[in-house]
Amino acid sequence: MIRKLRNRNFLFVIQLFPDNHQDSIVRLFIAVFCFLLSHDSFSQDTIDNFIEQKLESIAEDAQSENIDYSTLLDVLNNFKLHPINLNSTSKEELMSLTLLDEVQVNNLLDHIEKNGKLISIYELQSIDGFDPLTIQHILPYIEVKDITGQPHLTFKEILLHGNHQILSRWQKVLEQSKGFDPDTTGIYKSPNSRYMGSPDVLYERYRFTSGTNVSAGFTAKKDAGELFYKKNLKFVYPPKEDSIVNSKFHDGFKFFSAHLFAHNIGFVKTIAIGDYQVNFGQGLVAWSGIAYRKTADAMAIKKYATGLRPFTSTMVNQYMRGAAATLGRKSFQFTGFFSRNKLDATLIKTDSLIPGEDAAVSAFQTTGYYRTPGEFAGKDNITQTVYGGNASYLKRKFTFGVTGTQTMLSAPLQPTPSAYNQFDFRGKQLTNFSADYSFLLHNLNFFGEAAMSNNGGIAYLNGCIASLDPKLSLSVLHRNIQKNYQSLFINAFAEGSPPQSNEQGLYMGVTVKPTGAITLNAFYDNFIFPWLKSSVNAPSHGNDFLLQAQWTPNKKFDTYIKFRTKDKFTNAKSANEIDYIVPYAQTTYRWNASYLVSPALMFRSRVEYVLLDNPTKDKDNGILLYEDVLWKNIFHRVSLTLRYALFDTKTYDTRIYALEEDVPGAYSIPSYYYKGSRVYVMTDIKITRNIDVWLRWGQTYYSNKSVISSGNDEIDGHTKTDVKAEVRMKF
């Protein structure tokens, strides 16, 4: 019966998008689909869409495909290798999972204190807040062992029992884009019209870990268009551009990061050398890197500050470079950190400099690309020195901390003046202070942070998560980030993307679990921007509402439907000299389902529809449909992942983001837009117990476009094909 229904659904999808180009792919997909269904006995861990939804929310908020999520997921990946022993854990370790809230963690630790060590994982079902779905989310990262203490390991034992991992990756877009055109006759007229290097992307990563306490390694990357060896440059630039390249070019990878990180060495709680991240409070002062904000989990509004973390991503300007340490005894803890890092920034012409200054920059550059002389011109133009500290008093039910940072730039930051940015940071020095708190009162968790910058700007947020009943939880969060509050490392809960300011808002969420199989999440967020914003030439406001119903009747089947609508204001883009603002609203409907046919075979389906209502334009809409097949451990050595997707959106404004399975260490959340189809196939081959090889091929076909993208990335044609290969060695 299931097979008949699924085949019928798939044929319905095909009829929605009739296209001759797709016939052969569809037939192949159906053939593979039926072949896979004929196999009954395989083994695979279920794939949880809980994290998938959170990552997609980040991509949607940032409106970007080029985000490296390593710093968010490396912790979970490490816990998969070294699960948390619930009989020998701490609040800090459990909270670092980011899958449990403070009330749940406290209930678990209280249960162990009162009843002794857990006998098995199944005992979690007797603890308040641990319903079957929650247990399913955390199951890959926990275990129950009859051990109550951490063994004391010597340096020799750490090296002996540690894990080494090497990742080597190559990827490429097969179609030639304009930036790689071999015809360079116009290079003198337009020096930035050609990329210097090859279209190959190279990625190398080495990491050593010993449990969850020691991490060391490096990451290196060459992006498409970057030149690896200068001797391979195939054309000559004009003198000005040539001098820029000569002064800043070096052979090898253009991005390189290394770290050494150790945890729980006596009274030294943490020590970090090299590249690291700092996370304190609720993100108003010091939160480097990306972070979750509004997601379908209405209770996930509180950030858990991990203090220091190793940096393993490739996102530029998202980390500290230097040294840091956390010292602690009993309930008191102090962290000090120092960083000096060269950042990419845009230089200002000499006639617009601040009097008395030799140089200034108008903005930081965050792409991390060095493919043309223009991009090289921004490389390492400013040195950023940051130092500061955090002092905290930590109890299980009460924490209080103060944080201070001092940021100094080697040249003043001088943004191009405009109406909306007149309160933005300008100058060479910025000081920030904050105080944060969190306390539990029965099943209520109150938390917040208040911060100030040295210009007098103030920001604060306060929230509460209330577990009123095993079936009912409420959350509320109020924030006020004044228009003149300035921080270069802010990443708080907000509607706007970092750097954040000029926002007030009230968020209210509810989670209802009427049965063990059904979860209802809803939130409403009202936000106000008291001052102007980029592309919004007046004070404005907006609303964000989400409702999601999830049904998980057993371990094999999971489905949810989501409705979300958000309204804001934007400039009318009129021909008048003074623009006015108009409201617009975006509404999204999604149905998602996953079905575990056998321990080795899973199907996932999604239908998503988006509607954009802008009074200055015709209504835009878009639809995405896809089917995934995940087949693991074929003959115990091969795993296969397939997706076939169909999409039809009127414009780029109605693009839809959807996560794709990718090779380890890479994260793909592309946006689907215009009209066409996408298919990708990925295979994982276990060469030996310690060596895996991944091969990935994907192609996007646009049925209504003969030219893809624009500028140097423009492709003359209607297909874009990406290939990827990766080798992972563990020893």
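Placed above this text is the structure.
For clarity, every value in this text was computed on a predicted model and none was experimentally measured.

The rules behind the values
- Here, residues in each chain are numbered from 1, in the same order as that chain's written sequence.
- Only residues with pLDDT of 70 or above have their local features reported here, since the model is predicted, and side-chain atom pairs are shown and tallied only from 80 upward, although totals for entire chains, interfaces and linings are computed over all residues.
- In computing side-chain values, all of the structure's heavy atoms are included and hydrogens and water are not.
- The helix and strand labels rest on DSSP assignments: H or I over at least four residues marks a helix, E over at least two residues marks a strand, and numbering proceeds from the N terminus.
- Summary of the burial criterion: residues with accessible area below 20% of their type's maximum are buried, those above 50% are exposed, and those between are partly exposed, where the area comes from a 1.4 Å probe applied to protein chains only.
- Here, two residues are considered to be in contact whenever any of their heavy atoms come within 4.5 Å of each other.
- When charges are counted, Lys and Arg contribute as positive and Asp and Glu as negative, whereas His and the chain ends are disregarded.
- In this description, the location of a charge corresponds to atom NZ of lysine, CZ of arginine, CG of aspartate or CD of glutamate.
- Only strands joined by at least two bridges in the DSSP assignment are considered to pair.
- Every definition here rests on a 1 Å grid over the protein atoms only: cavities are sets of points where a 1.4 Å probe fits but cannot get out, pockets are open sets enclosed by protein on both sides within 12 Å along at least five of seven lines, and lining residues have some atom within 4 Å of a point.
- Grid points are joined across faces, edges and corners, and a volume is the space filled by probe spheres set on the points.
- Multiplying 1.5 Å by the helix residue count minus one yields the expected span of that helix.
- Throughout this description, a polar contact denotes any pair of N or O atoms lying within 3.5 Å of each other; where both atoms belong to protein, one of them has to be capable of donating a hydrogen while the other can accept it, and for residues adjacent in sequence the pair is counted only when both atoms sit in side chains.
- Here the aromatic set is Phe, Tyr and Trp, taking the six-membered ring for Trp, and pairing holds for ring centres within 6.5 Å; pairs whose planes are under 30 degrees apart are stacked, those over 60 apart are edge-to-face, and all others are tilted.
- Our definition puts a charge over a ring when NZ of Lys or CZ of Arg is within 6 Å of the ring centre and also within 35 degrees of the ring normal.

Trainee: Hey, could you run me through the overall build of the chain in this one?
Mentor: When helices and strands are counted, the chain shows 10 helices and 33 strands. Reported as C-alpha extents along the three principal axes, the dimensions of the chain are approximately 75 × 65 × 60 Å. Each of the 731 residues in the chain was classed as buried or not, and the buried ones make up 52%. The contacts of the chain with a sequence gap of at least 6 include a subset with a gap of at least 24, amounting to 63%. Looking at charge distribution, the chain has the averaged site of its 78 positive side-chain charges lying 3 Å from that of its 72 negative ones.

Trainee: Looking at this structure, I do not really get the pairing of strand β25 (residues 620-634). What am I missing?
Mentor: Each regular strand carries side chains that alternate between the two faces of the sheet. Of all 15 residues in β25, 12 are buried; the element is thus mostly enclosed. Taken together, the 12 bridges between strand β24 (residues 601-613) and β25 define a ladder with antiparallel strand orientation. For F603, the partnering residue across the bridge sits in β25 and is V629. A loop of 6 residues connects β24 with β25, the two strands running antiparallel in sequence. Hairpin geometry of β25 and strand β26 (residues 638-649) is characterised by an intervening segment of 3 residues between the two adjacent antiparallel strands and by a positive phi of about 55° at F635.

Trainee: Is there a simple way to explain empty space enclosed by the protein in this structure?
Mentor: Rolling a probe over the atoms, with the probe sized like a water molecule, indicates the empty space that remains. Evaluation of the coordinates by the stated rule reveals 4 cavities of 30 Å³ or more. Estimates place the volume of the second largest cavity at around 70 Å³. In this structure, the second largest cavity is lined by Q53, E56, S57, E60, K294, T295, A296, L546, K562, R564 and R590. Elements with a minimum of two residues in the lining of the second largest cavity: α3 (49-62) and β22 (557-571). For the lining of the second largest cavity, the leading source of residues is α3, giving 4 residues.

Trainee: In this structure, what is going on with helix α6 (residues 102-115)? I would like to understand it.
Mentor: Because each turn of an α-helix spans 3.6 residues, side chains separated by three or four positions end up pointing in the same direction. Between its first and last C-alpha atoms α6 spans 20 Å; for 14 residues at 1.5 Å apiece the expected length is 20 Å, and the two agree. Buried residues dominate α6, accounting for 11 of its 14 residues. Where α6 is buried, its residues contact α5 (91-95), α7 (132-138), β15 (427-441), β16 (444-453) and β17 (458-469). The opening residue of α6, the one whose side-chain oxygen lies 3.0 Å from the backbone nitrogen of V103, is D101.

Trainee: I keep staring at the packing of aromatic side chains and nothing clicks. Help me out?
Mentor: Each aromatic ring pair is described using two quantities: the centre-to-centre distance and the angle formed by the ring planes. This structure, assessed with the given rule, holds 29 aromatic pairs. Here the aromatic rings of F647 and Y702 are separated by 6.0 Å at their centres, their planes lie at 75°, and the arrangement is edge-to-face. Of this pair, F647 sits in strand β26 while Y702 sits in strand β30 (residues 691-702), and the two are 55 residues apart along the sequence. Here F647 falls in the buried class, since its relative accessible area comes to 1%. Summarising the aromatic geometry, the rings of Y673 and Y702 are spaced 6.2 Å apart at their centres and angled 40° between planes, so their arrangement reads as tilted. Of the two residues, Y673 is situated in the loop between β28 (671-672) and β29 (675-686) and Y702 in strand β30; the sequence distance between them amounts to 29 residues. Both residues of the pair, Y673 and Y702, count as buried. One aromatic cluster in this structure is built from F647, Y652, Y672, Y673, Y674 and Y702. Directly above the aromatic system of F423 lies the positively charged group of K483, at a separation of 5.2 Å from the ring centroid. It is R696 that lies over the ring of Y680; its NZ or CZ is 4.4 Å from the centre.

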